[in-house]
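# Examining the three-dimensional arrangement
Residue-level listing of the chains:
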Amino acid sequence: MLSVAHTTMNETASQPRTLVVGLGKTGFSCARYLASQGVEVAVADDRQHPPEMDHLLEELPEVPLFIGGFDHLVFERAQRIVVSPGVPLSTPLIEAAIARDCEVIGDIELFVRHASAPIVAITGSNGKSTVTTLVYEMARQAGRDVRVGGNLGTPVLDLLSETEPDLYVIELSSFQLELVYSLQAQVAVVLNISKDHMDRYASVKAYAEAKQTVYRNSRHAIVNRDDATAASLVDSDKIDMTYGLSKPRTDQDFGLLALEGESWLAQGNIHLLQVARLRIAGSHNVSNSLAALALGTLLDLPMPVMLDVITTFTGLRHRTQWVAEINTIRWYNDSKATNIGAALAAIQGVAGPVVLIAGGQGKGADFTELAEGIGNHLRAVVLLGEDADKIGHALGSRVDCYYVSSMERAVAKAQSIAKSGDAVLLSPACASFDMFAHYEARGDAFIQAVERLIKT
């Protein structure tokens, strides 16, 4: 382990009271916030050059930084440990800290202890960012002073200032929720549960239980009635509202109704908006829109404003993002689909035969679920990355599979396979870290390769 920033291992007798573990975007945010509060803080990361190291050395040169490994002395002298979401709680020195009753928390816990404005808490395996963005835009266009962040974009501690907003809209991952104890959300939702992060959780049950934390002490709870696992995470007598792709069960619930051959978003028996008017593709995005309407309703946002937002919303980058149409072939970037559930939602939601580009780090997933869910949607699959062979083996003879070594070659192969009216969809069902810095970089590489097709 190497120590930097004016501290050597011989000086650790005065180890600061709080240790931040992990120096990515969240860890840096924690260190900066704690230092601004006058807290003695140090940072540890087992990587030789963590992503935010240069920023920490520039902005907080007085904060001790220990890199290149974890040292037990640094951990044992901490009275409180703030763990970044990417660091597993199974890390031996963190397990030891928990065993000795050291306070171990995350950035969300720090945030909720200091934020006084109402919090909208949104989690789930898929759709979190879309729903979070929709609710934020609804509140903003309704004239609310609203701040948005968490797993989406801005770390939550960076949202705090001397003045409180009217509302916080926060996207939460299961990793973040593992270390939350004081959250009392104004309204909370678990959008769905599908197998994800099985390299970190012993079972889907354990993963779902981490998500369940979002409902603890929430004032209002919303559930997706189409997802039995997600809906079971809160007692039925504590559910304020449901949503789903079926007819609403009560006057308060959201769902779909038919009218003159058209499908409509509805609350109770009230027809609100034709599904055909949504610009975001797929049944999963219809569900996301209904979830946002339910959340906004419990926040007393005006329905006309909310409907205007979902009508004009064109989607987020890397989430079934329309990229181009070339010779009647549509190209979609869904690089954010880092698990099987997200990929299946995109595959089933895009119209026409699909040429799928998939692969990467599978995070311990069982790809037979992908094979069983593709139905007749796929013309072919182009595979790349660390777990390409695992996906191809699971798909077996259900669909033709082609193997490539780069995104550029994946796009070229997909172009050679696709026919008029098809869609080419990058929806990897895997993490990106075997080939790219993050899913955004993977999506950008796909977009750039498609744009080069346009120029040729």
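How each quantity is defined
- Residues numbered from 1 in each chain as written.
- Predicted model: local features only at pLDDT ≥ 70, side-chain atom pairs only at ≥ 80, totals over all residues.
- Heavy atoms only, no water.
- Phe/Tyr/Trp six-rings, centres within 6.5 Å; stacked < 30°, edge-to-face > 60°.
- Helix = DSSP H or I, 4+ residues; strand = E, 2+ residues; numbered from the N terminus.
- Lys NZ or Arg CZ within 6 Å of the ring centre and 35° of its normal.
- Expected span 1.5 Å × (residues − 1).
- Buried < 20%, exposed > 50% of the residue type's maximum accessible area, 1.4 Å probe, protein only.
- Contact = heavy atoms within 4.5 Å.
- pLDDT = per-residue confidence, 0-100.
- Pairing = 2+ DSSP bridges.
- Axes fitted to C-alpha atoms, helices over the stretch in contact; angles between N-to-C directions.
- Core = buried A, V, L, I, M, F, W, Y, C linked by side-chain atoms within 4.5 Å.
- Parallel < 35°, antiparallel > 145°, perpendicular 65-115°, else oblique.
- Left-handed = near helix turned anticlockwise from the far one by under 90°.
- Nonpolar A, V, L, I, M, F, W, Y, C, P; charged D, E, K, R; others polar.
- Salt bridge = Lys/Arg side-chain N within 4 Å of Asp/Glu carboxyl O.

Our focus in this paragraph is the packing of aromatic side chains. In total, this model carries 5 aromatic pairs according to the counting rule given. Pairing F70 with F75 gives two aromatic rings, centres 5.3 Å apart and planes at 70°, and the pair type is edge-to-face. Relative to Y168, the ring of F111 lies with its centre 4.9 Å away and its plane at 85°, an arrangement referred to as edge-to-face. Of the two residues, F111 sits in helix α5 (residues 107-114) while Y168 sits in strand β9 (residues 167-171), which places them 57 residues apart along the sequence. Members of the aromatic cluster, connected to one another through ring pairs, are F175, Y201 and Y207. In this structure, R200 is placed above the aromatic ring of F175, and the distance from its NZ or CZ to the ring centre is 3.6 Å. Sitting over the face of the ring of Y439, K336 holds its NZ or CZ atom 5.5 Å from the ring centroid.

Moving on: helix α16 (residues 439-455). Count 3.6 residues to each turn of an α-helix, and residues three or four apart come out pointing the same way. With 17 residues, α16 should reach 24 Å at 1.5 Å per residue; the first-to-last C-alpha distance of 25 Å fits that figure. Within α16 the residues assigned to the buried category are Y439, R442, G443, A445, F446, I447, A449, V450 and L453. In this structure, the buried residues of α16 make contact with β16 (321-326), β17 (329-333), β18 (354-358), α15 (407-417) and β21 (423-426).

Bringing the confidence of the model for the chain into the picture now. Looking at the chain as a whole, the pLDDT averages 93, with 96% of positions reaching at least 70. In this model, residues 6-16 is a region of pLDDT below 50 whose contacts with residues beyond four sequence positions or in other chains number 24 contacts.

This paragraph deals with the environment of E95. By the secondary structure assignment, E95 is in helix α4 (residues 92-99). By relative accessible area, which is 44% here, E95 ends up partly exposed. Ignoring any residue separated from it by four or fewer positions in sequence, one finds E95 in contact with L89 and S90.

With that out of the way, let us pick up the sheet that holds β16. Taken together, the 6 strands give an open sheet; going across it, the order is β16-β17-β21-β18-β19-β20, and neighbouring strands pair in mixed fashion. The sheet is open, and its two edges are formed by β16 and β20 (400-403), each paired on a single side. Taken pair by pair, the neighbouring strands of this sheet meet at an average axis angle of 20°, ignoring direction. Across 4 bridges, β18 lies against β21 in parallel orientation. Across the sheet, residue L356 finds its bridge partner in β21, namely L425. Along the sheet face, helix α14 (residues 388-395) touches β19 (378-383) and β20 and points at about 165° away from the line of β20.

Here we take up the nonpolar core. In a soluble, globular protein the nonpolar side chains are often hidden away together inside. Counting residues in hydrophobic clusters, the biggest one holds 94 residues, and the most contacted among them are F111, Y215, L265 and L293. Among the elements that make up this core, the one with the highest residue count is helix α10 (residues 283-298) (8 residues). The residues contacting L293, other than those within four sequence positions of it, are M138, F254, L265, L272, M303, M306, L307 and I310. Core analysis: the next-biggest nonpolar cluster, separate from the first, contains 28 residues, Y332, V354, I374 and A423 among them.

To continue, consider the packing of helix α6 (residues 128-141) against helix α11 (residues 303-312). At a minimum axis separation of 9 Å, α6 and α11 run at an interaxial angle of 130°. As the angle between them shows, α6 and α11 are arranged oblique. You can see that α6 and α11 cross each other, and the crossing is right-handed. Along its contact with α6, which presents L134, E137, M138 and Q141, the element α11 presents V305, M306, D308, V309 and I310. Its residues assigned to classes, the contact of α6 with α11 shows 6 nonpolar, 1 polar and 2 charged.

Under the definition given, this model contains 12 salt bridges. In this structure, R47 engages D45 in a salt bridge whose closest nitrogen and oxygen atoms are separated by 2.8 Å. On the basis of relative accessible area, R47 is assigned to the partly exposed category, the value being 38%. Judged by its relative accessible area of 2%, D45 is buried. Note that R317 and D444 form a salt bridge whose closest N and O atoms lie 2.5 Å from each other. Taken together, the positions of R317 in the loop between α11 and β16 and D444 in helix α16 put the pair 127 residues apart, joining distant regions of the chain. Using a relative accessible area of 45% as the deciding quantity, one classes R317 as partly exposed. We classify D444 as partly exposed; its relative accessible area is 25%. Several salt bridges share partner residues, and in doing so they unite R32, E59 and D158 into one network.

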